[in-house]
Amino acid sequence: MSGLKVLALCGSLRAKSTNKALVEYAIANAPEGMQIELADLSELPFYNADLPAKPAAVERLLAQFAKADALLLACPEYNYSIAPALKNALDWVSREPNNELMAGKVAAIMGSGGGMGTSRAQYHLRQVCVFLDLHLVNKPEVFCNAFANTFDAEGKLTDERVQSLIVQQLGALQELALRFKN
Ligand SMILES: Cc1cc2nc3c(=O)[nH]c(=O)nc-3n(C[C@H](O)[C@H](O)[C@H](O)COP(=O)(O)O)c2cc1C
């Protein structure tokens, strides 16, 4: 497939986020024909149906979703579940008519956290994605332990096993997109 546009969302807003580092590795190692762009969620307000107009940060995110063929969701685990920044972004986008900016798109999930590699949060996110009508890559799953010399002093992903999983997962995302296109 040529030109698969992937929008990445990261549920951690901190500058040295290990989840962001997974996305940065994915961006640098995307297969030929795939472009990955990381959305900026830092200015998104909490979803509130009473707001008189969509905030500019929401409009920017919606425009990025409109251009994207696929999603890459970097999912930290907060208290055994999805980090609010990620859920809030999905909630905003889901309010477009008929969920038209997500329904039917393909997506992959990765995450970096404690020893369970954010698996508990990722499975919650998978449940959310059912309602969003996203088609998820099932395997490989990318569960990264952030606290096992997985990142170097600059915060770059150095763990070869996780690096390999990310490359395999991007390949699977590309393949899934191709299948849904036909
Ligand atoms: C509010 C909060 C709750 C957390 N709960 C969990 C948890 O349930 N499981 C886990 O593995 N790590 C948990 N952590 C630790 C995070 O996994 C860790 O801070 C991780 O580095 C966050 O991702 P980041 O590096 O992308 O910011 C929690 C962190 C915070 C701030």
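The rules we used
- Residues numbered from 1 in each chain as written.
- Predicted model: local features only at pLDDT ≥ 70, side-chain atom pairs only at ≥ 80, totals over all residues.
- Heavy atoms only, no water.
- Disulfide = S-S within 2.5 Å.
- Buried < 20%, exposed > 50% of the residue type's maximum accessible area, 1.4 Å probe, protein only.
- Salt bridge = Lys/Arg side-chain N within 4 Å of Asp/Glu carboxyl O.
- Helix = DSSP H or I, 4+ residues; strand = E, 2+ residues; numbered from the N terminus.
- Expected span 1.5 Å × (residues − 1).
- Polar contact = N/O pair within 3.5 Å; in protein donor to acceptor, adjacent residues only side chain to side chain.
- Near = heavy atom within 4 Å.
- Areas by Shrake-Rupley, 256 points an atom, 1.4 Å probe, with all protein chains shown as cover.
- pLDDT = per-residue confidence, 0-100.
- Contact = heavy atoms within 4.5 Å.

Points about the state of the cysteines
Scanning all chains against the criterion turns up zero disulfides. In this structure Cys10 is not part of a disulfide, and its nearest cysteine sulfur, from Cys75, lies 9.6 Å away. Assessed through its relative accessible area of 5%, Cys10 is described here as buried. Cys144 forms no disulfide, and the closest cysteine sulfur to it belongs to Cys10, at a distance of 12 Å.

Comments concerning the pattern of salt bridges
Considering all chains together, one arrives at three salt bridges under this definition. Here Lys54 ties to Glu96 by a salt bridge, and the two come within 3.1 Å at their closest N and O atoms. Here Lys54, found in the loop between strand 2 (34-38) and helix 2 (56-67), pairs with Glu96, found in the loop between helix 3 (84-94) and strand 6 (106-113); they are 42 residues apart in sequence, far enough to count as distant.

Section: helix 5 (residues 160-181)
When the terminal C-alpha atoms of helix 5 are compared, their 32 Å separation across 22 residues agrees well with the 32 Å that a helix rising 1.5 Å per residue should span. Residues of helix 5 that are buried: Val162, Gln163, Leu165, Ile166, Gln169, Leu170, Ala172, Leu173, Gln174, Leu176 and Ala177. Capping the start of helix 5 is the job of one residue whose side-chain oxygen sits 2.9 Å from the backbone nitrogen of Arg161: Asp159.

Observations regarding the site of the ligand
Taken together, 14 residues lie around the ligand, and Ser12, Arg14, Ser17, Thr18 and Asn19 are the ones closest in. Here Arg14 contributes a side-chain N or O atom positioned 2.7 Å from an oxygen atom of the ligand. The backbone of Tyr80 places a nitrogen or oxygen atom 2.7 Å from an oxygen atom of the ligand. Within the complex, the protein chains bury 71% of what would otherwise be the 610 Å² of accessible surface of the ligand.

Brief notes about the confidence of the model for the protein
The pLDDT averaged across the protein works out to 97; a share of 98% of its residues lies at or above 70. The secondary-structure element of the protein with the lowest mean pLDDT is helix 5, recorded at 97, while strand 3 (residues 70-74) shows the highest, at 99.

Concerning the side chain of Thr150
Take Thr150: it is sitting in the loop between strand 8 (142-145) and helix 5. Among the residues examined, Thr150 registers a relative accessible area of 2% and is labelled buried. Excluding anything up to four places from it in sequence, Thr150 contacts Cys144, Asn145, Lys156, Leu157, Thr158, Asp159 and Val162.

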